[in-house]
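Chain and residue survey
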There are 2 protein chains.
Amino acid sequence: MKKLINDADSVVADALAGMAAAHPSLRVDVPNRIVLRASGPRPGKVALISGGGSGHEPLHAGFVGYGMLDAACPGEIFTSPVPDQMLTASRSANGGAGVLYVVKNYTGDVLNFEMAAELCDEEGIAVASVLVDDDVAVRDSLYTAGRRGTGATVLVEKIAGALAETGASLAEVALAGEEVNARSRSFGIALTACVTPAAGRPTFALGPSQVEIGVGIHGEPGCARTAAAPARELVRIAMDAVHDDLPLSGDVLVLVNGLGGTPLIELYVVFAEVDAYLREKGATVTRRLVGNYITSLDMQGFSVTVCRLDDRLTELWDAPVETPALRWGR
Amino acid sequence: MKKLINDADSVVADALAGMAAAHPSLRVDVPNRIVLRASGPRPGKVALISGGGSGHEPLHAGFVGYGMLDAACPGEIFTSPVPDQMLTASRSANGGAGVLYVVKNYTGDVLNFEMAAELCDEEGIAVASVLVDDDVAVRDSLYTAGRRGTGATVLVEKIAGALAETGASLAEVALAGEEVNARSRSFGIALTACVTPAAGRPTFALGPSQVEIGVGIHGEPGCARTAAAPARELVRIAMDAVHDDLPLSGDVLVLVNGLGGTPLIELYVVFAEVDAYLREKGATVTRRLVGNYITSLDMQGFSVTVCRLDDRLTELWDAPVETPALRWGR
């Protein structure tokens, strides 16, 4: 195994030290594994907190900043953060208006965020949660009861984060997050498995001419394995699954996401096919992201997330954001 | 070979179609392979044009926009664009104040940009060129007389692009670009070779425990091959080579660049080590970028670029930029 690391045990701490050095806009508590805005909590603003296993960068720490998250809690690679971490983050990020947890639907994450909410409740910190479960590939998985949470997490964090900046209440921000999740669907396809630093070998075996259909972001297998095919056909498989679950029409936001090891030139090839598919269905891509936003270490492949927009969500999407991994105009 | 493509022959055109659909801020001429700002040339502003083989995305087309490039000319994968392409781009981007070519030092690119400059001259379009040759790993290479041009290209395009927006003359903008190049050095290390769509197999053979020291961005070999080592040691090899060539002190800008297939978490581990190395030498990292900016398809590994800043270059670096791959505050 070859990785740009010092030691499999220190990857998360070493990377957080790098984030601290790279981003003066962040306050990184390396021992406690909490990433906060350097500017501190804004009184009266709902604080958005997310977290989950590491290995999905830039998710979540790369989305801490104005217009998105107030704090991120990275766990070990592919391992949920713990309730104490979330509690400490909640205390630090709370501006008095309460805290919204954005939780990807994985059993460990769900249980730990629930426990953290109880601990916050004992301290008088109001907490609401949005559960993200956008991945239509599998109903239940190795790590999940119900659908997995993947690409829509980025959209929920962006749109709910924008609403929080306006001074909206905890209930309103939570509702916006739930609405984004309800309007979003995702599907992923992998060309290779990922290699975790601890294991040092691929998380599943995939032949030289096979692709994994409906893959998860932790190297968990998908719903089928097929022969490698042109991008157009792979996109059709993914988009048919999305469209079957949530018929696509009107204005949509598309995220074509690289799983970590995919060249950007290939993601643009995929985006062209997604765009063509949606035009064929009568939907219009009015907003889009192409790049690595929620990854699975060095996995080659892509996921596509589609969110049905309305005017209000479009406006919140367009609102300024200033984070290490997502930023646009004030 | 598994790639997210439709056909090895159509990768560049398909990806450009994707860029066109993804970025309304760009005007993409797919048949002629030219990427321009949708807003058109600004009268009196020097136009910056760059180009080179595809496979290095987001370079260069991802850097077209306010504060950076006016046009990009992508060639086939790892193949120089042609003079006609550059001539057409020059005609379209010229706002009457002349055109600056930013050329990475590879023999094909250099010859073709020279020929394009002659063609422009015949049409009365003033052209100057900046040759980027920042890679200290090899003196001459398979594709180069002299040092190769790598990561500093991003810095030259950003800083010269910022100066061009102020209405500076062609000579002034060219001089700023040359200054950035003179103050910058780069070095790359690969854990894996890349796979081109046409060849379908790694461009060089690297054992499961070997790394390529001083690797180029076209899959060309480096200057040595060693056993895999902790990130700290690999960073020291790269930074010693940089520091030997250009002693590092004062304020510096650091680009820790992924070669396309490297997880972001590993790039942050590398950045922490680069930062520690520079502190040890008495230099201060005052500006930085961590991510995939000049890639080599799916190659795993990193390059590091260091630029010695002064106040003027820092100010130009901080100036607003609005491109698909690099954007910050107006």
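Residues numbered from 1 in each chain as written. Chains lettered and ligands numbered in written order. Predicted model: local features only at pLDDT ≥ 70, side-chain atom pairs only at ≥ 80, totals over all residues. Heavy atoms only, no water.

Residues and elements named next belong to chain A. Contact geometry of helix H2 (residues 83–93) with helix H3 (residues 107–122) gives a least axis separation of 8 Å together with a crossing angle of 50°. As judged from the angle between their axes, H2 and H3 are oblique. Seen along the crossing, H2 lies across H3 with a hand that is right-handed. Contacts between H2 and H3 involve Pro83, Asp84, Met86, Leu87 and Ser90 on the former and, on the latter, Asn112, Phe113, Met115, Ala116, Leu119 and Cys120. (Axes fitted to C-alpha atoms, helices over the stretch in contact; angles between N-to-C directions. Helix = DSSP H or I, 4+ residues; strand = E, 2+ residues; numbered from the N terminus. Parallel < 35°, antiparallel > 145°, perpendicular 65-115°, else oblique. Left-handed = near helix turned anticlockwise from the far one by under 90°. Contact = heavy atoms within 4.5 Å.)

Close approach of charged atoms allows side chains of opposite charge to pair. All names here are of chain A. Tallied over the entire structure, the rule returns 40 salt bridges over all chains. Here arginine 279 ties to aspartate 275 by a salt bridge, and the two come within 3.2 Å at their closest N and O atoms. Of this pair, arginine 279 and aspartate 275 both sit in helix H7 (residues 264–281), 4 residues apart, which is roughly one turn of the helix. (Salt bridge = Lys/Arg side-chain N within 4 Å of Asp/Glu carboxyl O.)

Moving on, we come to the relation of the copies chain B and chain A. Two copies of one chain are present, and they are related through a rotation about an axis combined with an axial shift. With an RMSD of 0.0 Å, the operation that places chain B on chain A is a rotation of 180° combined with a shift of 0.0 Å along the axis. Accordingly, the operation relating the two chain copies is best matched by a two-fold axis. When C-alpha distances to the rotation axis are compared across chain B, the minimum falls at Gly261(B), with a value of 1.9 Å. Residue by residue, 100% of the interface of chain B is reproduced at the interface of chain A, so both copies engage with the same surface. (Least-squares fit on C-alpha atoms with pLDDT ≥ 70 in both.)

Before going further, it helps to spend a moment on the environment of Ala205(B). All names here are of chain B. Here alanine 205 lies in the loop between strand E7 (184–190) and strand E8 (210–213). Among the residues examined, alanine 205 registers a relative accessible area of 61% and is labelled exposed. Taking the C-alpha atoms as reference, alanine 205 lies 9.5 Å from proline 221; in sequence the two are 16 residues apart. (Buried < 20%, exposed > 50% of the residue type's maximum accessible area, 1.4 Å probe, protein only.)

As a further point, take the interface of chain B and chain A. Of the residues lining the interface, 57 residues belong to chain B; the matching set on chain A comes to 57 residues. Between chain B and chain A, a total of about 4500 Å² is buried, with carbon and sulfur atoms accounting for 64% of that surface. The interface formed by chain B and chain A includes 2 salt bridges. Residues Lys3(A) and Glu266(B) are paired through a salt bridge, measuring 3.7 Å at the closest nitrogen-oxygen approach. Between the two partners, chain B and chain A, sit 20 residue pairs in polar contact (both at pLDDT 80 or more). Elements with a contribution of two residues or more to the side of chain B that touches chain A: helix H1 (11–22), E8, helix H6 (231–245), helix H7 (264–281), strand E11 (283–291), strand E12 (301–308) and strand E14 (327–328) of chain B. The greatest single-element share of the side of chain B that touches chain A, amounting to 10 residues, is contributed by H7(B). For the side of chain B that touches chain A, the class distribution of residues is 32 nonpolar, 14 polar and 11 charged. (Buried area = accessible area lost by both parts, 1.4 Å probe. Polar contact = N/O pair within 3.5 Å; in protein donor to acceptor, adjacent residues only side chain to side chain. Nonpolar A, V, L, I, M, F, W, Y, C, P; charged D, E, K, R; others polar.)

To continue, consider the domain arrangement of chain A. All names here are of chain A. For chain A, the domain assignment lists domain 1 (12–182) and domain 2 (184–308). Domain 1 and domain 2 are separated by 23 Å when their C-alpha centres are compared. Domain 1 puts 27 residues into the contact, and the matching count from domain 2 is 30 residues. Each partner contributes to the roughly 2300 Å² buried at the junction of domain 1 and domain 2, and carbon and sulfur atoms together form 66% of this total. On the domain 1 side of the contact with domain 2, Phe78, Val136 and Leu155 bury the most area, a combined 24% of that side's loss. At the surface where domain 1 touches domain 2, the tally comes to 2 salt bridges. Across the salt bridge formed by aspartate 245 and arginine 147, the nearest N and O atoms sit 3.1 Å from each other. Run the count over domain 1 and domain 2 and you get 14 residue pairs in polar contact (both at pLDDT 80 or more). Elements that contribute at least two residues to the side of domain 1 that touches domain 2 include exactly helix H4 (152–165) and helix H5 (170–182). (Domains from an automatic or database assignment.)

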